[in-house]
Amino acid sequence: MRCDDYRAARLAGADTEEMAEHIAACADCRSLTPLLDDAGRALQDPAQWEDPPGDLEDRIVADITAIAGTQRPAPAPSTPSRIRWAWLGAAAIVVALAVAGGLRLRSAPDWTIEVAGTELAPSAVAIVDGWNTDAGTKMRVRTTGLDPAPDGFVYEMWLSKDEIHISGGTFTQPNDVELLIGVTRADYPRIWITLEAIDEDESPSPATVLDTVREG
């Protein structure tokens, strides 16, 4: 089981032997489990799916806009109130998870590092911003010169110390990605990104495309 599969299943309220085996071996998923459980319970609350008062959507969106410092997108015409309320519930959960994880949405990063491309992606470079949080490390990854992952593959970020490798999550579009990992870079200083086939193997592949440790 991959990290993305575990997190989706946990959010949906599943609890299987395969998930138990995964969380026993994966420190970052283990650290995120309480947040996933909180979000899952919120999604299962019937109140999330009730029709809200007429002006509630505008008030909540205005509050979220004020917090995030962004402009509200134009509403889609004739959107059913139940769908709008589901979207607002999801938005509220995102904000709650950010607060619970200690994410500082608009603060300056605690550290920034440039990660160079390897011989597999010689023109690629990534700028990684990191925020230290109670839940671990929030990272924003901005890459140039790296193509989207091919069909059947994903990119995966890793933080490592010696032979211990902790997954920071996967992505397919590498331009601007936000990830949360349950460890700190001070403990796991190496940052690298691999190209991974979508399969059962959870160990890093040899296809390293960006790395703070250049080899070859």
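Here, every reference points to the structure presented above.
Residues numbered from 1 in each chain as written. Predicted model: local features only at pLDDT ≥ 70, side-chain atom pairs only at ≥ 80, totals over all residues. Heavy atoms only, no water.

**Looking at the nonpolar core**
1) Next: Val-128, Val-141, Met-157, Leu-159, Ile-191, Ile-193 and Leu-210 are the most contacted members of the largest nonpolar core, which has 25 residues in total.
2) Next: Those elements that provide at least two residues to this core are strand 1 (111-117), strand 2 (125-133), strand 3 (136-144), strand 4 (153-161), strand 5 (164-171), strand 6 (176-181), strand 7 (190-197) and strand 8 (208-211).
3) Next: Excluding residues that lie within four positions of it along the chain, Met-157 makes contacts with Val-128, Met-139, Val-141, Ile-166, Ser-167, Gly-168, Gly-169, Leu-179, Ile-191, Trp-192 and Ile-193.
4) Next: If you look at the next biggest cluster of nonpolar residues, it comprises 12 residues, including Tyr-6, Met-19, Leu-35 and Leu-36. (Core = buried A, V, L, I, M, F, W, Y, C linked by side-chain atoms within 4.5 Å. Buried < 20%, exposed > 50% of the residue type's maximum accessible area, 1.4 Å probe, protein only. Helix = DSSP H or I, 4+ residues; strand = E, 2+ residues; numbered from the N terminus. Contact = heavy atoms within 4.5 Å.)

**Quick word on the side chain of Arg-2**
1) Next: When you line up the elements, Arg-2 lands in the segment before helix 1 (3-11).
2) Next: Its relative accessible area of 11% is what places Arg-2 among the buried residues.

**Observations concerning a negative patch on the surface**
1) Next: Judged by side-chain charge, Asp-4, Asp-5, Glu-17, Glu-18, Glu-21, Asp-199, Glu-200, Asp-201 and Glu-202 come together as a negatively charged surface patch.
2) Next: Elements represented by at least two residues in the negative patch include exactly helix 1 and helix 2 (17-25).
3) Next: Relative to the assigned elements, Asp-201 resides in the loop between strand 7 and strand 8.
4) Next: A residue is classified by how much of its surface remains accessible, and Asp-201, at 43% relative accessible area, is partly exposed. (Patch = residues over 30% accessible without salt bridge, like charges linked within 9 Å, V, L, I, M, F, W, Y side chains within 5 Å. Areas by Shrake-Rupley, 256 points an atom, 1.4 Å probe, with all protein chains shown as cover. Salt bridge = Lys/Arg side-chain N within 4 Å of Asp/Glu carboxyl O. Lys, Arg positive; Asp, Glu negative; His and termini not counted. Charge placed at Lys NZ, Arg CZ, Asp CG, Glu CD.)

**A closer look at the sheet that holds strand 7**
1) Next: What the 8 strands build is an open sheet, ordered 5-4-7-8-1-2-3-6; its pairing is antiparallel. The open sheet has two free edges, formed respectively by strand 5 and strand 6, since each of these has just one partner strand. Averaged over neighbouring strand pairs, the angle between their axes works out to 25° when direction is ignored.
2) Next: Here strand 1 runs beside strand 8; their pairing, made up of 2 bridges, is antiparallel. Looking at the pairing, Gly-117 lines up with Leu-210 of strand 8. (Pairing = 2+ DSSP bridges. Axes fitted to C-alpha atoms, helices over the stretch in contact; angles between N-to-C directions.)

**What about the pairing of strand 4?**
1) Next: Extensive coverage of strand 4 is indicated by the burial of 7 of its 9 residues.
2) Next: Relative to strand 7, strand 4 runs antiparallel, the two sharing 8 bridges. The partner of Leu-159 across the bridge, within strand 7, is Ile-191.
3) Next: Pairing of strand 4 with strand 5, which is carried by 7 bridges, proceeds in the antiparallel orientation. Bridge pairing in strand 5 links Met-157 to Gly-169.
4) Next: If you look at the hairpin formed by strand 4 and strand 5, you'll find 2 residues sitting between the two strands, and Asp-162 has a positive phi there, around 55°.

**Overview of helix 2**
1) Next: Restricting attention to buried positions, one finds in helix 2 the residues Met-19, His-22 and Ile-23. Take helix 2 and look down its axis: the buried residues cluster within an arc of 95°, on one side only. Along helix 2, exposed side chains directed more than 90 degrees from the buried face belong to Glu-17, Glu-21, Ala-24 and Ala-25. (Arc of directions from axis to C-beta.)

**Some remarks on unusual backbone geometry**
1) Next: For Asp-162, which is not a glycine, the phi torsion comes out positive at approximately 55°.
2) Next: Summarising the element assignment, Asp-162 is placed in the loop between strand 4 and strand 5.
3) Next: Judged by relative accessible area, Asp-162 falls into the exposed class, the value being 64%.

**Some remarks on the packing of helix 1 against helix 2**
1) Next: With their axes 10 Å apart at the nearest point, helix 1 and helix 2 run at an angle of 120° to one another. In terms of their interaxial angle, helix 1 and helix 2 are classed as oblique. At the point where helix 1 passes helix 2, the crossing takes the left-handed sense. In this structure, helix 1 uses Cys-3, Tyr-6, Ala-9 and Arg-10 to contact helix 2, whose residues at the interface are Met-19, His-22 and Ile-23.
2) Next: When grouped by side-chain class, the residues that make up the contact of helix 1 with helix 2 number 5 nonpolar, 1 polar and 1 charged. (Parallel < 35°, antiparallel > 145°, perpendicular 65-115°, else oblique. Left-handed = near helix turned anticlockwise from the far one by under 90°. Nonpolar A, V, L, I, M, F, W, Y, C, P; charged D, E, K, R; others polar.)

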